[in-house]
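Coordinate analysis (summary)
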Amino acid sequence: MAPPYDVITPEERERYLALDPHNVVHLTLPESEEQAARDLHAWQEEGLLGRESEPAFWALSQTYVGPDGVERTRNGLVVTLRLEPYENRVVLPHERTHAGPKEGRLRLLRATRTQLEPIFLLHDGDPVEILERPPDLGVGGDRLWRLEASDSLLQSFEDKQLLIADGHHRYETALAFHDEDGTEASAWMMVVLVSTREEGLTIFPTHRLAQSVNGVRGTPIAEPGEELPGVVLYRRGGYELLEGEGLDVELVDALAPQGVTYTPQRGEAVAAVDRGEAEAAFLLRPTGIEHVFSRAREGRVMPQKTTYFYPKLTSGLLFQPLD
């Protein structure tokens, strides 16, 4: 088990690789794409992975403690989704992507012909109901229940638009792979669907650390409390409130800071500036789900790291073979 490939640091990768010869990071962040394919084949030959003989849905429940120290449970549904180009307005992106990560994921998908990690999508329908019986799979805070395929459940999604919460690069990679592969199997992708009404669904802010803020200045204020009054710029020893239009992430993006890195921890952002690792930090409020969905429906994409959905989906529980 491991988090998704794109949140694992090089140091964490080495730790996961050393934990177990069958840790999923051997597949998602391999030494080479060819080695990942060999390992995946060997795990199936050794019986470490079992293949479902009939189609099924899976109910997923994740109990977690967020960055704010509060324990919550988020429920969703694991399914395969027919890929739709963005222009069809069925699956909606909300963040910009870069070519580099997609090229690496495409090579891996070609080699393994397996979707190794689900992506995370939101819908505005009813939350999934978790069964009373013990789960079929359970590791840490994750529990999975196998559900028989249901026509009524399928029909409940017929008119839904789906918003990519996490997994833009992997979704676009799957589209590109299907374009070149052309098989019916590659037209489908493993996803987790979570309702926007799900009680355990939370978005946390991602603060920005900048090497240069291009002379931006705000109104000096006292150290803010837990709830920020707006976008707050922190320079060593002082806080400034910034004025501007739009969501917090859009305001900062318009200011075009240079050398930007990200952290979900406000204390870490402040400490990094105090250590001299950045000129300043932009402290942001969380972006509301309704704002993300409305902009996506308008066809607008937002800056990277607009949303920080927590927890990330766990990799290593389920795979989707394309053969």
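For the structure given in this document, a descriptive report is provided here. Only a predicted model underlies this, so the values are computations on that prediction, with no experimental measurement involved.

Conventions and cut-offs
Residues numbered from 1 in each chain as written. Predicted model: local features only at pLDDT ≥ 70, side-chain atom pairs only at ≥ 80, totals over all residues. Heavy atoms only, no water. Helix = DSSP H or I, 4+ residues; strand = E, 2+ residues; numbered from the N terminus. Pairing = 2+ DSSP bridges. Contact = heavy atoms within 4.5 Å. Axes fitted to C-alpha atoms, helices over the stretch in contact; angles between N-to-C directions. Salt bridge = Lys/Arg side-chain N within 4 Å of Asp/Glu carboxyl O. Buried < 20%, exposed > 50% of the residue type's maximum accessible area, 1.4 Å probe, protein only.

Turning to unusual backbone geometry, a few remarks are in order. Of note, the amide linkage connecting Y310 to P311 takes the cis form, showing an omega dihedral of 0°. Within the element layout of this structure, P311 appears in the loop between strand 17 (308–309) and strand 18 (320–321). A positive phi is found at R113, a non-glycine position, where the angle reads about 50°. Of note in this structure, A256 is not a glycine but carries a positive phi near 55°. On the secondary structure map, A256 appears in the loop between helix 7 (248–255) and strand 15 (261–263).

Taken in spatial order, the eight strands of this open sheet run 3-8-5-9-2-1-7-6, and their pairing is mixed. Every other strand in the sheet has two partners, leaving strand 3 (91–92) and strand 6 (137–139) as the edge strands with one partner each. As paired elements, strand 1 (residues 56–65) and strand 7 (residues 142–148) share seven bridges and run antiparallel to each other. Within strand 7, the position partnered with A59 by the bridge is W145. Relative to the sheet, helix 6 (residues 168–181) contacts strand 3, strand 5 (119–123), strand 8 (162–166) and strand 9 (188–195), its axis offset from that of strand 8 by approximately 120°.

Across all of its chains, the model carries 26 salt bridges by this definition. Residue E172 is joined to K102 by a salt bridge in which the shortest nitrogen-to-oxygen separation is 2.8 Å. Residue E172 is found in helix 6, and its partner K102 is found in helix 4 (residues 99–112); the two are separated by 70 residues along the sequence. Relative accessible area serves as the criterion here: at 15%, E172 is assigned to the buried category. On the accessibility criterion, K102 (23% relative accessible area) is partly exposed. Residues joined by salt bridges that share partners form a network here, namely R217, R235, E240 and E279.

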